[in-house]
Amino acid sequence: MPPLRSVLTAILGPTNTGKTHLAVERMCAHSSGMIGFPLRLLAREIYDRVVAMKGVQNVALITGEERIEPPKARWYCCTVESMPIQKEFAFVAIDEAQLGADPERGHIFTDRILHARGREETMILGSESLRPIIRSLLPDAEIISRPRFSTLSYAGAKKLSRLPKRSAIVAFSIEQVYAVAETLRRMRGGAAVVMGALSPRTRNAQVAMFQSGEVDYLVATDAIGMGLNLDVAHVAFVSLSKFDGSRRRRLTVAEMAQIAGRAGRHQRDGSFGTLVGEGSEFTPEEVLAIEGHSFPRLDWLYWREAKPRFNDIATLIADLEKKPHRPGLLPAPKVIDLLVLKRVAELPDVNALIRHPVDVARLWEVACLPDFRQMGEEHHSRFVASLWQYLGQNERVIPQGVYGSELARLDNIQGDVDTLSARIAAVRTWTYIAHRSDWLTNPPAMAERARALEEKLSDALHDALRQRFVDKRTSMLLRKGAKDVGLLPVEIQADNRVLVDGEDIGTLQGFAFRVDPAAKAGDRKLLLAAAERHLAAILRQKAKDVSMAEDSEFSLAADGEGKPAIFWKGELLGALTKGRTLLQPAFTPVKAVSALEGDALRDITSRAEGWIEAQLAKAMGGIVGLLDLAQQADVDGNVRALAVRLADEGGIAGRHYLADAIAALPKEARGAARKGGIVFGALDIYHHAALKPAAAKWRAALFAARDSRAMPELPPESAVHLKAWNFANASEARNAGYRRIGDEYVRIDLAERVIKKAHEARGQGNLVSMDMAFATSLGIGEAGLKALMRDAGFRPAEKAQELQAEPEPASDAVADATQGVASDVAPASEPENIQPDAAGEQEAIATEPTVAPAPEPQAVTLTHWRWVGLPKPRPPEQRQQRAKPQHQKIHAAGKPQAKPDRTPIAPKQNAQPSSLALQLAALKGLKL
């Protein structure tokens, strides 16, 4: 007879559709079969069921930590990772195939979906969300939808004391699981506990208590969501968020439905909800999606090369990092096995033992050892490297003495909960090693010894937890004789100390709870879980207080990392980060605030964003005015372009930076620019409101947020001159409103006033005699004044020398530079800072420094300066290139370019200067 055609079927639908039951029946109907499950607990449950039908000698169980494989076994129950895909079976099934989108394990499920096939029949079981990706990857597959047998409905939030019998309470941490279980013991006589970390024997005993009716409640982690068949009528969520290994996040709708779907059995309806007072509620959209079994479709799965080459380590890593070439597949994130391989491959001791492709393949097997102890990449890599020293040389096995000594070291039931949990995780590692047939000399004996030790420690863990919940600390946490012992009295004192039933357990710093460091290690997690449960309502009220707070309660300051942040009553709410524009920064809540759910998070975010917007409108009115000016259609286009560029720089920019925009500005249009608040200084262009202290503070914060850097420290608001200060660069000083003059800093507007006085004093000539009194009143010393005047185009001169030398008329270049600067420096009769209205003028006057009069009249000290002009700005394309230093060239007119910073060369003693030399020296302010 010709061989039967292999049938590929995808059975999709929500929970409680009998998909797993159907797969088990189909497997048992074939001569041989294998099903891959997502959890070892589920694999163990189905194994026990198939054993009852086929006999223990015909059924195998293979998981990472348990291996039962009789010689004549024909039906295999496995975890997906442990499926012996090299064997041939008449029937193959993969359960919970939607886990192909899981970052950690998804590539394993994807490989089984694509390649695990039964000789006669293959089944893929999963959520309806898999339909589009199955159509794409497996076009020949027949897709069958399975409707839910019973109705699943939302029952709202209930108190723990009001939960119906046959309820499962789902928590997402060990602390929450046991806290709820102890409360139910006091209220209802006990509860069964199911967690993935328990040994199969302990888990089965707990489930048997619930199924037989010995207890009416089951407290579990989300492990029950993956196909465990329990007689549950109602599922109550302690929380709707969990820590996924990298962050705390809200459950997806699909995850909620997977767990809630455990309620109801076959034709009996089920319900789901939350616990009152836990701070978690389903949204109407989530309820509608769960009840209607409507979830987002999966358009992709994670993939990784399942058969890499073992020529050498580099080839192996390249194959494992190879990208898929089929649509609908994404490269898997780098998980622990690949990260460990890369680390150990860098160790000389590891490389020294690799001589053949067989060694590369064996090293990859060792690197795939699961990190049961959750030690992290670095510590787990060291452990793998230590195993490789045995598995990569000599007899290529771990000595039995080493294995036995490690188990003996762990064979200790003394210690607290954390210590026992760590020992169980370590035993699971050695159990996994024992199931590798070529890693030990006597694997079965070692596996049995490890299994017995795991069960022993699991029982000790249960005993330790029970002891813990009946001690003095537990008596304090749970009130005796109360109708609802699930809710504990929590009090927040004025100094933010948190009291639980009168016991000081920590502080509430902002929206983050900190456990009292004096608490015992065994009590810390329990106290934290209890406080977090009952602080939910307090945090929601605190969020409402933030949303209704006055503007005066908020402040802008640097956080612990120096980044610009928003505070409420001194408590950190979030940071300013880069937004769409400089004036539209984003508000990013801190971790404790972002962990809030629903309206609480929205209240804080909306209030903070509203305050930021209001403060920017108030403090950065200069930039707002510039943007408004840029929108006025009746204003010259060059004025609008200048306003936009000046706004992009925060309202202050160096004149050289805007040289092209100023050159394009018609003379008659400058009045409109001045009316709009723009001040044309000799060295800087700025809006008159941009120099106010509030504007400087917000400008520093906005640029720090835009550039993702620390917020610079600003000088005191009243400071007009700085000596002992160090800005990081000229841009940072300009944002603060200061210009550098030598080793000092002076406020930009006052520097312009000094320059303005110089231009007023020189009139139409080149020689200036100035009284030092004004500069001295600002704190500017002789060196600072010299640097400022040099930047403004002046050079020191001696009065007598200038009078003796009568220079010829200045060249056209000097005249143009002098006229260009002078035209933008307002004379005394026409102030440069023209304000749009009286209020603006009063504000500008208010920002002027008050210079205290000298206690005694002092003699007038005149300084003499020669105006040489500012160099013409180069075109933008030339400014972008750094010109290489070269010798001064002679122009066609025969006159050298002015280089004021160059030290004049003294003429030879025996040479008399010519008339032309004397004239050039007079123009430059040199002394011959």
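None of these values were measured; they are calculated from a predicted model.

Could you give an account of the side chain of R607, naming the residues involved and the relevant values?
Looking at the element boundaries, R607 is found in helix α20 (residues 599–619). A residue is classified by how much of its surface remains accessible, and R607, at 14% relative accessible area, is buried. Only 2.8 Å separates the side chain of R607 from the backbone oxygen of A549, close enough to count as a polar contact. Excluding anything up to four places from it in sequence, R607 contacts V546, S547, A549, E550, D551 and F554.

I'd like a rundown of the side chain of R304, residues and numbers included.
Mapped onto the fold, R304 is located in the loop between β17 (301–303) and α9 (313–320). Overall, the relative accessible area of 9% leaves R304 in the buried class. At 3.3 Å, the side chain of R304 and the side chain of H107 are in polar contact. In this structure, R304 is in contact with H107, L320, A332, V335, D337, L338 and W364, ignoring residues within four places of it in sequence.

Help me get a handle on the pairing of strand β33 (residues 767–771), residues and values and all.
Only one face of β33 is covered, namely the face carrying V768 and M770; the face carrying L767, S769 and D771 is uncovered. Both β33 and strand β35 (residues 862–867) contribute to a ladder of five bridges, which runs antiparallel. By the bridge assignment for β35, V768 is matched with W865.

How would you explain the sheet that holds strand β28 (residues 678–680) if you had to name every residue and give the values?
Strand pairing in a sheet relies on backbone hydrogen bonds, with the paired strands running either antiparallel or parallel. Strand order across the open sheet formed by three strands is β27-β29-β28, with antiparallel pairing between neighbours. Either end of the sheet is taken by a strand with one partner, and the two such strands are β27 (652–654) and β28. Neighbouring strand axes in the sheet, compared pairwise and without regard to direction, differ in orientation by 15° on average. Judged from the three bridges that link them, β27 and strand β29 (residues 684–687) form a sheet pairing that is antiparallel. Across the sheet, residue G654 finds its bridge partner in β29, namely D684.

Describe the pairing of strand β3 (residues 59–62), naming the residues involved and giving the relevant values.
Side-chain direction in a regular strand flips from residue to residue, so the side chains alternate between the two faces of the sheet. Burial along β3 is two-sided: the residues V59 and L61 and A60 and I62 are all buried. Pairing geometry for β3 and strand β4 (residues 67–68), over two bridges, is antiparallel. Bridging from a neighbouring strand, I62 pairs with R67 of β4. Turn length for the β3-β4 hairpin, with the two strands adjacent in sequence and antiparallel, is four residues.

How would you explain the nonpolar core if you had to name every residue and give the values?
One finds F511, I678 and W698 to be the most contacted residues of the largest nonpolar core, which totals 58 residues. Once residues within four sequence positions are removed from consideration, F511 is found in contact with L539, K542, A543, V546, L573, A592, V593, L596 and I604. One finds V350, L369, Y432 and L440 within the second-largest nonpolar core, a separate group that totals 45 residues.

An account of the packing of helix α27 (residues 748–762) against helix α29 (residues 782–791) is requested, with residue identities and associated values reported.
The geometry of α27 relative to α29 is characterised by a closest axis approach of 10 Å and an angle of 70° between their N-to-C directions. Classified by the interaxial angle, the pair formed by α27 and α29 is roughly perpendicular. Within the contact between the two elements, α27 uses A751, V754, I755 and A758 and α29 uses L785, L788 and M789. Residue composition of the contact of α27 with α29, by class: seven nonpolar, no polar and no charged.

Which residues make up the sheet that holds strand β25 (residues 571–577), and what values go with them?
Taken in spatial order, the four strands of this open sheet run β23-β24-β25-β26, and their pairing is antiparallel. Pairing within the sheet leaves two strands with one partner each, and these edge strands are β23 (554–558) and β26 (586–589). On average, each strand axis in the sheet is tilted by 35° relative to the strand beside it, whichever way the strands run. Pairing geometry for β25 and β26, over four bridges, is antiparallel. When the sheet's bridge partners are listed, A575 is paired in β26 with T588.

Can you lay out the environment of G213 for me, pointing to particular residues and giving the numbers?
Here G213 lies in the loop between α6 (200–211) and β12 (217–220). Along the sequence, G213 and K165 sit 48 residues apart, while their C-alpha atoms lie 9.8 Å from each other.

Can you break down the confidence of the model for the protein residue by residue, with the values?
For the protein, mean pLDDT is 79; residues scoring 70 or higher make up 79% of the total. Taken together, the stretch residues 468–486 has pLDDT below 50 and engages in 50 contacts with residues farther than four places along the chain or on a different chain. Confidence over residues 800–855 falls short of pLDDT 50; this stretch has 68 contacts with residues more than four positions distant or in other chains.

Just give me the short version of the environment of A220, but keep the residues and values in it.
Within the secondary structure, A220 is located in strand β12. Along the sequence, A220 and A192 sit 28 residues apart, while their C-alpha atoms lie 8.2 Å from each other. In contact with A220, not counting residues within four places along its chain, are I169, V170, A171, V177 and V194.

I'd like a rundown of the pattern of salt bridges, residues and numbers included.
For the coordinates displayed, the defined rule picks out 43 salt bridges. The residue E121 makes a salt bridge to R26 at a minimum N-O spacing of 2.7 Å. Remark: R26 occurs in helix α1 (residues 19–29) and E121 occurs in strand β7 (residues 121–126); sequence separation between them is 95 residues. Look at R26 and you get partly exposed, because its relative accessible area is 32%.

I'd like a description of the packing of aromatic side chains, backed by residues and values.
One pass over the structure, following the stated rule, counts 15 aromatic pairs. Considering the side-chain rings of Y154 and F282, the 5.7 Å spacing of their centres and the 80° angle between planes classify their relative orientation as edge-to-face. Here F282 lies in the loop between β16 (270–275) and α8 (284–292) and Y154 lies in strand β9 (residues 152–158), a separation of 128 residues in the sequence. Here R166 stacks its cationic end above the ring of F210, 4.0 Å away from the centre of that ring. One cation-aromatic arrangement involves R645 over Y657; the distance from NZ or CZ to the ring centre is 5.3 Å.

Parameters at a glance
- Residues numbered from 1 in each chain as written.
- Predicted model: local features only at pLDDT ≥ 70, side-chain atom pairs only at ≥ 80, totals over all residues.
- Heavy atoms only, no water.
- Helix = DSSP H or I, 4+ residues; strand = E, 2+ residues; numbered from the N terminus.
- Buried < 20%, exposed > 50% of the residue type's maximum accessible area, 1.4 Å probe, protein only.
- Polar contact = N/O pair within 3.5 Å; in protein donor to acceptor, adjacent residues only side chain to side chain.
- Contact = heavy atoms within 4.5 Å.
- Pairing = 2+ DSSP bridges.
- Axes fitted to C-alpha atoms, helices over the stretch in contact; angles between N-to-C directions.
- Core = buried A, V, L, I, M, F, W, Y, C linked by side-chain atoms within 4.5 Å.
- Parallel < 35°, antiparallel > 145°, perpendicular 65-115°, else oblique.
- Nonpolar A, V, L, I, M, F, W, Y, C, P; charged D, E, K, R; others polar.
- pLDDT = per-residue confidence, 0-100.
- Salt bridge = Lys/Arg side-chain N within 4 Å of Asp/Glu carboxyl O.
- Phe/Tyr/Trp six-rings, centres within 6.5 Å; stacked < 30°, edge-to-face > 60°.
- Lys NZ or Arg CZ within 6 Å of the ring centre and 35° of its normal.

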